[in-house]
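Coordinate inspection notes
One-letter residues, chain by chain:
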Amino acid sequence: MSGRFQSRDGDQPFTKDVDAENEDLARERIYTTVGSQHNRKRTQIEIEEVSEA
């Protein structure tokens, strides 16, 4: 998965690999992981691409 989140310096891109049963669970894990690591809300995180590994 790749996307970006809002930070003080502008949008920060990210790429994460997650294990999930389906796309919805993968999105939830990204929101949880990126949100907790960078102290961002779901509305500040934009997932641009979801791909299967």
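This is a predicted model, so every value here is computed, not measured.

1. Section: helix α1 (residues 23–38)
Its 16 residues give α1 an end-to-end C-alpha distance of 22 Å, which sits within 8% of 22 Å, the value for a rise of 1.5 Å per residue. Of the residues making up α1, those classed as buried are A26, I30, V34 and G35. With its buried residues spanning 150° around the axis, α1 presents them on a single face. Residues D24 and S36 are exposed on α1 and point more than 90 degrees away from its buried face. Packed against the buried residues of α1 are β1 (2–7), β2 (10–15) and β3 (45–49). The N-cap residue of α1 is N22: its side-chain oxygen and the backbone nitrogen of D24 are 3.1 Å apart. Count one or two residues on from α1 and you reach N39, which has phi positive near 55°.

2. Let's talk about the pairing of β1
Of the strand pairs in this sheet, β1 and β2 are connected by six bridges, and their pairing is antiparallel. Along β2, the bridge assignment pairs G3 with F14. Adjacent in sequence and paired antiparallel, β1 and β2 are bridged by two residues. Examined bridge by bridge, β1 and β3 share four bridges and lie antiparallel to one another. Within the sheet, the bridge partner assigned to R4 lies in β3 and is E46.

3. Quick notes on the sheet that holds β2
Strand order in the open sheet formed by three strands is β2-β1-β3, and the pairing between neighbours is antiparallel. Lying at the two open borders of the sheet, with one neighbouring strand each, are β2 and β3. Here the average twist between neighbouring strands, direction ignored, is 25°. Across the sheet, α1 touches β1, β2 and β3, and the angle it forms with β3 is around 135°.

The rules we used
Residues numbered from 1 in each chain as written. Predicted model: local features only at pLDDT ≥ 70, side-chain atom pairs only at ≥ 80, totals over all residues. Heavy atoms only, no water. Helix = DSSP H or I, 4+ residues; strand = E, 2+ residues; numbered from the N terminus. Expected span 1.5 Å × (residues − 1). Buried < 20%, exposed > 50% of the residue type's maximum accessible area, 1.4 Å probe, protein only. Arc of directions from axis to C-beta. Contact = heavy atoms within 4.5 Å. Polar contact = N/O pair within 3.5 Å; in protein donor to acceptor, adjacent residues only side chain to side chain. Pairing = 2+ DSSP bridges. Axes fitted to C-alpha atoms, helices over the stretch in contact; angles between N-to-C directions.

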